[in-house]
Amino acid sequence: MRGDKMDQERKRKLDELFAAFSVVAEGSYVYLCDMTADISRWSKSAVNFFDLPGEYMENAGTIWEEHIHPEDKEEYRQSIDAIFSGKNGGHDMQYRARTSGGDYVMCTCKGVVILDPDGKPDYFAGAIKNHGLKSYIDSVTGLRTLYGFFEDLRSVFWRKEESVILQIGATGFSNINDVYGYTFGNKILAQFGRKVQDKFGDDGVVYRMDGTKMVVVTHTLNPNQVAVIYKELQEKAAGNFYVEGEFISLSLNGGLVIVNNFDINDKTVYSCLKYAYSESKNRKMGDLVVFHDMITNDSRQAIEKINVIRNNVSEDCSGFFLCYQPIMSASSESLKGMEALVRWHSDTYGTVPPNQFIPVLEQDALFPKLGTWILRQAMTDGVKFLEKYPDMIMNVNLSYAQMEKDGFIDEVLNLLKETGFPAENLCLEITERCRLLDMELLKNMVTIFRDNGIKIALDDFGTGYSSLGILRELPVDTVKIDREYVKNVEKSEADQNTVRYISDLADAFSAEVCVEGVETENMKDFLKQYKVSSLQGYYYSKPVPSDEFLAMEFVAD
Ligand code: C2E
Ligand code: CA
Ligand code: CA
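Residues numbered from 1 in each chain as written. Chains lettered and ligands numbered in written order. Predicted model: local features only at pLDDT ≥ 70, side-chain atom pairs only at ≥ 80, totals over all residues. Heavy atoms only, no water.

**Brief notes about the domain arrangement of the chain**
Then, in step 1: According to the domain assignment, the chain consists of domain 1 (3-130), domain 2 (146-291) and domain 3 (315-551).
Then, in step 2: Relative to domain 3, the C-alpha centre of domain 1 lies at a distance of 40 Å. (Domains from an automatic or database assignment.)

**A word on the packing of helix H7 (residues 182-200) against helix H8 (residues 223-238)**
Then, in step 1: Running from amino to carboxyl end, H7 crosses H8 at an angle of 145°, the nearest separation of the two axes being 11 Å. Classified by chirality, the crossing of H8 by H7 is right-handed. Counting all contacts with H7, which are made through Phe192, Lys195, Val196, Lys199 and Phe200, the residues of H8 involved are Val226, Ile229, Glu232, Leu233, Lys236 and Ala237.
Then, in step 2: Grouping the amino acids of the contact of H7 with H8 by side-chain chemistry returns seven nonpolar, no polar and four charged. (Axes fitted to C-alpha atoms, helices over the stretch in contact; angles between N-to-C directions. Helix = DSSP H or I, 4+ residues; strand = E, 2+ residues; numbered from the N terminus. Left-handed = near helix turned anticlockwise from the far one by under 90°. Contact = heavy atoms within 4.5 Å. Nonpolar A, V, L, I, M, F, W, Y, C, P; charged D, E, K, R; others polar.)

**Overview of the coordination of the calcium ion (ligand 3)**
Then, in step 1: Protein-derived coordination of the calcium ion (ligand 3) comes from Asp459 (OD), Asp460 (OD), Glu516 (OE) and Glu516 (OE), at a distance range of 2.3 to 2.5 Å.
Then, in step 2: Within one chain, the residues donating to the calcium ion (ligand 3) are spaced in sequence as D-D-x55-E.
Then, in step 3: In this structure, the calcium ion (ligand 3) lies 4.1 Å away from the calcium ion (ligand 2), the two metals sharing aspartate 459 as a donor. In this pair, aspartate 460 sits in strand S19 (residues 455-461) while glutamate 516 sits in the loop between strand S21 (512-515) and helix H18 (521-527), placing the two residues 56 residues apart along the sequence.
Then, in step 4: Taking the relative accessible area as the measure of exposure, glutamate 516 reaches 12% and is therefore buried. (Donors = N, O, S within 2.8 Å, 3.2 Å for Na, K, Ca; no water. Buried < 20%, exposed > 50% of the residue type's maximum accessible area, 1.4 Å probe, protein only.)

**Here's the deal with the pattern of salt bridges**
Then, in step 1: If you walk through the whole model with that rule in mind, you get 37 salt bridges.
Then, in step 2: Note that lysine 336 and glutamate 512 form a salt bridge whose closest N and O atoms lie 3.2 Å from each other. Here lysine 336, found in strand S15 (residues 335-346), pairs with glutamate 512, found in strand S21; they are 176 residues apart in sequence, far enough to count as distant.
Then, in step 3: The exposure class assigned to lysine 336 is partly exposed, which follows from its relative accessible area of 22%.
Then, in step 4: For the salt bridge of lysine 524 with glutamate 521, the shortest nitrogen-to-oxygen distance reads 4.0 Å. Of the two residues, lysine 524 and glutamate 521 are both situated in helix H18; the distance of three residues between them amounts to about one turn of the helix. (Salt bridge = Lys/Arg side-chain N within 4 Å of Asp/Glu carboxyl O.)

Next up, the structure:
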C-alpha cells in the first residue's frame, strides 16, 4: 500500500472521510485527496474500471490525467492546476476517460477543496459520474447528444466533408417548464425534435445540445435551402404546434455556420455557431443569422481568423496587446484615469479590433484565459502609470464568460496581490452582456468587489432595455453613457434628453456619469451643462499602447 508515507492519524481521517463521501455519492466513483501528503484514496470500482494502480495513490492527479482523452487533457490540467495553486475552490467539468478496455467513456467530475481551520487547503474531494457510452443518445428526445455532435463534427473534419450546421432553440422554454412542468416540457422537446428531424429527413442529422437547443448537420443542403427549412419550422412552431391536447407556441432562434475549411478546430466552429445563435436571439428577433465577417461578408475567412485568434489564446495569449484611452475630469479636464482596450495583431490580419473577436470568443470555454491575461496586463501597466499619475483609476472591461466562472472574485484579488496594483485604483466595467448573468450572483459579486475597494462601472448604459432596473439592483460607482446616444447631442433633442435622463437617474443613485465618444471641443463644452463627471473620446486621445500613453502629458487630477 502506498499510504504508508502518511502518519496514522491522517490515514485514519482519510479513510473515515472517504467512507462518509462514498455513502453520499451513491452511484458515482469517489476520490479523496489529502492535499498535504498528496495521497488519494479512490473507489475500488473506479480502480478496476479504469485500471488504476490502486485504491491509494500518490500523485493521483497525474495518473488520472493519463486516462483523459488527449483533446480534453488541457482543460483538465488547467482546472487541476488552478485547484492545487489555490486559485479555484473546486471544479465541475466533463471529459472522456479511458477504461481498462481502452474505450473512452464520458464522465462528469465534480470536486471541491476542503479547507482546514486555518483556511489552508486540506482535502480535495469529489465524485466522478460515468455516463458510459449511452450518453451519446439523449433519453428525452432519442436524438444524438452534444458528445455525439462533437464526435460527428470531428469526422466531418477528418473526411473534409463540406457541411452546413444550424443551431435552433426556442425563447422562453423555461416558461413552459414553469407553467406545465418538466415532464410536459420534455414531451414538447421530444415532439419538436421529431419535427425537425422529419423536416430534414435523410438530408440532416439532428442533435440535442445543452438545454433546449438542437443542432442539425447537413452535407447535402446548401445554406439557402437550410434557411428555407428554418423559416418553415419557425412558422410551424409559432403557429399550430399541438402536444397532448395543448396548443403550444414557440418562438425560434437560429444560427448557422458553413464548414468548408478543414484546418480549423471543431471548438472554433461551435463558438461561431453559438455566436450566430446568440445574435439571432438577442438582436434579430429570431431571424436566421449566418456567421460571416461583417466587413467582407466572407464566412470562410471569418472562421479562419477566429480560429487563429483562438489558438493564440491557448498559446499564452500571444499577439494580444492593450491600448489605453484617457478618461478626463469634466470640470477640470485633468486626467482621472484610463480604460484598457484589447487588440490582437498578426502579420496576416494586421491589427484586429475587439468587436471582431470578443463577442465570438465569449462563447468559448477558453475566454476566461484571455480575460485573466487582460486583467494581469492592465494591472502590470497600471503600476507604471501610477508612478506618473498617483490617483489615476484603471478601467478594465469584464465579460460575462469571465464572471460566470467559479473563483473569479478570488482571481481578481489574487492578481492585485501578484501585481501590487492597489484595489482602490481599479474600476471594473460591466458590459451590457454581463446582464445575462443571474442577478443575485451579479449583485453578490459587485458587493464583494466594492467591499474590497474596487470600483464598478456600468458600461454601454442605455443600450439595454432594463437600464433603470439594473441601477436599482446594483450598487455602482459610475455609469458610462454609450457613444451611440451622444454622437449628435449638440443637434439632436433625443440625444439631449437621453443624456439628461441618464445623468439625473445616475445622480439619484449617487453614481457618477462618464460620457464616451467625445470627439470635438464643441461637444465637450456642450456636455458641461449636464451632471457629467468624466469624459472620454478621440477629442482627448484615441486608445494608444502603454508607452505612447506614458509619453503624453496630462494634468494629474
Ligand atoms: P467600449 O467598452 O464601449 O469601449 C469604447 C470603444 O469606443 C472603444 O472601441 C474605443 O476605441 C471607442 N471610442 C472611444 N472614444 C471614441 C470616439 O471619440 N469616437 C469613436 N468613434 N469611438 C471611440 P474598441 O477599442 O474598438 O472596443 C470596442 C468594444 O470592445 C469595447 O467597447 C468593449 O465592449 C470591447 N472590449 C474592448 N476591450 C475589451 C476587453 O479588454 N475585455 C472585454 N471583455 N471587452 C473589451
Ligand atoms: Ca468599456
Ligand atoms: Ca462603452
